[in-house]
Amino acid sequence: MSRKSVPGCFSRMIWKKHFFKETCCRCGASDTEIQNEELEKRGKVKKRKKKNENKRVIISNLPFGSKKWKENPNIYYDSNKIKTTKYTILTFLPKNIYEQFHRFANVYFVVIALLNFVPVVNAFQPEVSVIPICVIMAITAIKDAWEDFRRYKLDKEINHMGCYIYSREERAYVEKCWKDVRVGDFVQLRCNETIPADILLLYSSDQNGICHLETANLDGETNLKQRQVVMGFSSQNTLFEPEFFQNTIICEMPNNDLNKFKGYMEQPNHEQIGFNIESLLLRGCTIRNTEAAIGIVIYAGHETKAMLNNNGPRYKRSKIERRMNMDIFLCVGLLLVMCLVGAVGHGIWTGNFSEYPPYDVPDENGNFLSPVLAGFYMFLTMIILLQVLIPISLYVSIELVKLGQVFLIHNDIDLYDEEADLPIQCRALNITEDLGQIQYIFSDKTGTLTENKMVFRRCTVDGIEFSHQENARRLETHKELDLDDEDFAKLQHFTLPPTNIETPATYKQRTVRPLRRCQSARAHFQGHTRNRSLGRRDSNQSQVAFSSAIVSTSRLS
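All values reported here derive from a predicted model rather than from experimental measurement.

Draft legend 1. Representation of the overall build of the chain. Regarding its fold elements, the chain presents 14 helices and 15 strands. Across the chain, contacts joining residues at least 24 apart in sequence account for 69% of those joining residues at least 6 apart. Element-wise, carbon and sulfur atoms account for 57% of the exposed surface of the chain, whose accessible area totals about 37,600 Å².

Draft legend 2. Highlighting the sheet that holds strand S2 (residues 162-167). Spatial ordering of the open sheet is given by S3-S2-S4-S13-S5-S11, a layout of six strands whose pairing is antiparallel. Edge positions in the sheet fall to strand S3 (172-177) and strand S11 (280-281), since each of these pairs with one other strand and no more.

Draft legend 3. How the structure looks around the pairing of strand S14 (residues 458-461). Where S14 meets strand S15 (residues 464-467), four bridges bridge the pair, whose relative direction is antiparallel. Bridge pairing links Thr 460 to Glu 465 in S15. Hairpin remark: S14 followed by S15, antiparallel, with two residues in the connecting loop; positive phi at Asp 462, about 55 degrees.

Draft legend 4. Looking closely at the nonpolar core. Counting 46 residues, the largest nonpolar core has Leu 200, Leu 202 and Ile 298 as its most contacted members. Broken down by secondary-structure element, the contributors of at least two residues to this core are S2, strand S4 (186-190), strand S5 (198-204), strand S6 (210-214), strand S8 (248-252), strand S10 (272-276), S11 and strand S13 (292-299). What Leu 200 contacts, discounting residues up to four positions off in sequence, is Val 230, Ile 249, Phe 261, Met 265, Phe 275, Ser 279, Leu 280, Ile 294, Gly 295, Ile 296 and Ile 298. Met 324, Ala 343, Phe 379 and Leu 380 belong to the second-largest nonpolar core, a separate cluster that totals 23 residues.

Draft legend 5. Structural detail: unusual backbone geometry. Unusually for a residue other than glycine, Asn 192 sits at a positive phi of about 70 degrees. At Asp 421, a residue that is not glycine, the phi angle is positive and equals roughly 55 degrees. Along the chain, the position of Asp 421 falls in the loop between helix H10 (392-410) and S14. Judged by relative accessible area, which is 51%, Asp 421 ranks as exposed.

Draft legend 6. Region of the structure containing empty space enclosed by the protein. Applying the stated criterion across every chain, the model contains four cavities of 30 Å³ or more. By volume, the largest cavity amounts to about 80 Å³. Around the largest cavity, the lining comprises twelve residues; the ones closest to its centre are Lys 86, Glu 147, Arg 151, Arg 314 and Asn 430.

Draft legend 7. Local environment of a nonpolar patch on the surface. Side chains of Leu 93, Ile 97, Phe 101, Val 107 and Val 111 sit close together on the surface and give an oily, nonpolar patch of about 380 Å² of accessible area. If you list the elements that add at least two residues to the nonpolar patch, you get helix H3 (92-100) and helix H4 (104-115). If you trace the backbone, Leu 93 turns up in helix H3. Judged by relative accessible area, which is 57%, Leu 93 ranks as exposed.

Draft legend 8. Focus on a negative patch on the surface. Among the surface-exposed residues, Asp 417, Glu 418, Glu 419 and Asp 421 lie close enough to one another that they form a single negatively charged patch. You can see Asp 417 is positioned in the loop between H10 and S14. Residue class for Asp 417 comes out partly exposed when judged on its relative accessible area of 35%.

Draft legend 9. The sheet that holds S6, seen in detail. Strand order in the open sheet made by the three strands is S7-S6-S12, with antiparallel pairing throughout. Looking at strand neighbours, the two that pair on one side only are strand S7 (224-228) and strand S12 (286-288), the edges of this open sheet. Going from strand to strand, the sheet's axes swing by 45 degrees on average, the running direction of each strand aside. Relative to S7, S6 runs antiparallel, the two being bridged by five bridges. The residue of S7 that forms the bridge with His 212 is Gln 226.

Draft legend 10. Quick look at the packing of H3 against helix H5 (residues 126-159). Between H3 and H5, whose axes approach to 11 Å, the crossing angle comes to 115 degrees. Of the two elements, H3 crosses H5, and the hand of that crossing is right-handed. Where H3 abuts H5, its residues Phe 92, Asn 96, Ile 97 and Gln 100 lie against Ile 136, Met 137, Thr 140, Ala 141, Asp 144 and Ala 145. Its residues assigned to classes, the contact of H3 with H5 shows six nonpolar, three polar and one charged.

Draft legend 11. Region of the structure containing H10. Here H10 is 19 residues long and its end C-alpha atoms lie 28 Å apart, about the 27 Å a rise of 1.5 Å per residue gives. Contacts made by the buried residues of H10 are with H4, H5 and helix H8 (319-351).

Draft legend 12. How the structure looks around the layout of surface pockets. For the largest pocket, the calculated volume is near 1,400 Å³. Around the largest pocket, the lining is made up of 39 residues, and of these Arg 150, Arg 151, Leu 154, Ile 158 and Arg 427 lie nearest the centre. Those elements that provide at least two residues to the lining of the largest pocket are H5, helix H6 (216-219), helix H7 (305-308) and H10. Of all the elements, H5 adds the most residues to the lining of the largest pocket, at eleven residues. Broken down by class, the residue content of the lining of the largest pocket amounts to 18 nonpolar, ten polar and eleven charged.

Analysis parameters
Numbering of residues begins from 1 in every chain and follows the order in which that chain's sequence is written. Per-residue local features are limited, in this predicted model, to residues with pLDDT of at least 70; the limit for side-chain atom pairs, both in listing and counting, is 80 or more; totals at the level of whole chains, interfaces and linings are taken over all residues. Where side-chain values are given, they derive from all heavy atoms of the structure, hydrogens and water being excluded. Secondary structure elements are defined from DSSP: runs of H or I of at least 4 residues count as helices, runs of E of at least 2 residues count as strands, and each element is numbered from the N terminus. Contacts: residue pairs with any heavy atoms within 4.5 Å of one another. Here, Shrake-Rupley sampling with a 1.4 Å probe gives the accessible areas, and only protein chains in the shown set may cover a residue. For two strands to pair, DSSP has to find at least two bridges joining them. Grouping buried Ala, Val, Leu, Ile, Met, Phe, Trp, Tyr and Cys residues that are joined through side-chain atoms within 4.5 Å yields what is termed a nonpolar core. A 1.4 Å probe rolled over the protein chains alone gives each residue an accessible area, and that area as a share of the maximum for its type sets the label: buried under 20%, exposed over 50%, partly exposed in between. Cavities and pockets were defined on a 1 Å grid built over protein atoms only: a cavity is a set of grid points that admits a 1.4 Å probe from which the probe cannot escape, a pocket is an open set flanked by protein on both sides within 12 Å along at least five of seven lines, and lining residues are those with an atom within 4 Å of any such point. Grid points are joined across faces, edges and corners, and a volume is the space filled by probe spheres set on the points. Every patch collects residues that have over 30% relative accessible area and no salt bridge, joining them within 9 Å if they carry like charges and within 5 Å if they are nonpolar side chains (Val, Leu, Ile, Met, Phe, Trp, Tyr). Salt bridge, as applied in this entry: a Lys or Arg side-chain nitrogen positioned within 4 Å of an Asp or Glu carboxyl oxygen. When charges are counted, Lys and Arg are positive and Asp and Glu negative, with His and the chain ends excluded. The atoms used to mark charge sites are NZ of Lys, CZ of Arg, CG of Asp and CD of Glu. Only the contacting stretch of a helix is used when fitting its axis, a line to C-alpha atoms as for every element, and angles between N-to-C directions run 0 to 180 degrees. Less than a right angle of anticlockwise turn of the near helix away from the far helix marks a crossing as left-handed, whereas a clockwise turn marks it as right-handed. Each residue is assigned to one class: nonpolar for Ala, Val, Leu, Ile, Met, Phe, Trp, Tyr, Cys and Pro, charged for Asp, Glu, Lys and Arg, and polar for all the others, Gly among them. In this analysis, the expected span of each helix is defined as 1.5 Å times one less than the number of residues it contains.

Quick look at the structure:
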């Protein structure tokens, strides 16, 4: 193996051997010269190490069986198993409580509940004030747990999807789960299969070495994109044999740029072959119009470009919730002003007494509260008494309404997909009230809003016409609809004749027969006419074939 493709530890070992030989051969040299040469070599090694840190070196996993797997340098790369869940069993409770405190109302109600546990300022039973906030947070926690559990089930389903990986023991492609795919494995893909990892294309059944991809899962584009086999492998006339692959792949470190990828492949004779993004099959894409494709895994799992673009689950807040946070800030400000006015008034009123009133009870030492301290306690007490300014029952009702709305959406028969046998899925339970709140619609072209189809109508072979019965009947139906539209258009453009009388010399016919869509699209050339086909026009098939709009128009013209 060449020195360029060896990791930093192996390069350091080679440097030590080389340095040991140099020092032994130059025993007579001065110590200063030896130290200078040593420092220079160390600097070169550090530069080479930094340069190799920005590159990824990949070799085939086939030489390393189950016994030598620990010696495989690809073992340090991530596996293809993915995890998109937000919580674990241990982190669910603290992390979910922290996220719920992003809602300012929860912080407010917790502070009110804690104030009731202070004996000096409590207004009613402390245990009773804890119940509403616990109910709200429990309902939200159950929703978040259910949503995260569905993510876990989806991850499990994706990790257990099947793909074909080459096995050296069986000398064939064996079906394994996606989670078992490792960097350096050879994967065989068939038409309409989803790509399990980022794969460098080494073989395609297409004679030109082209593989067609559908990247709708990544960028939403349904048009197919072409990927080219790495230069040097496209001229193979036989099936690709992974056991004969002895090249070393050097490429860039994982990044989230879907349109950028570069590297080179070093052969045993130290010849280098470059490649770019045109040879990389991205995870999540679908193989189309290609019978078979084979490649080696470059990035797997969370190191793939698709997963690096996925920022992971986050706590989503609806527009109503964000608006309510602002309203609660205003209500809390109003509450503090009311409590401050009440506390100042209570302190002034208490200080005006020449003697302590009979309802003012002293403490154990017989001391009475000062007006300032009494006003402060009254401020806290009025916060508890006036807490109804922000009704906690409103939030309980909102959470219950959200659960009912999710249930109704999930069981709506109009949103049921009969072909896939799947109902609609509410993946984010916190933003159901934003459904249908659309302000703007952006469309890049009209082609995204229309559907263009090519329908086989008829063909002529050796003067004999052949037609498609079902398509002919469908075109006949569209013809009748077009005729109805034309009659309606005639009625719309109908006008009374003009009142002025023209002379016969200047009189011309002003009525124009409206052209049909197929007639207006036909090009007319002077001196040339389009003859009909010389096939069997007396047969039943030709009569059905000529029931389309174009042929009917040619008969009328």
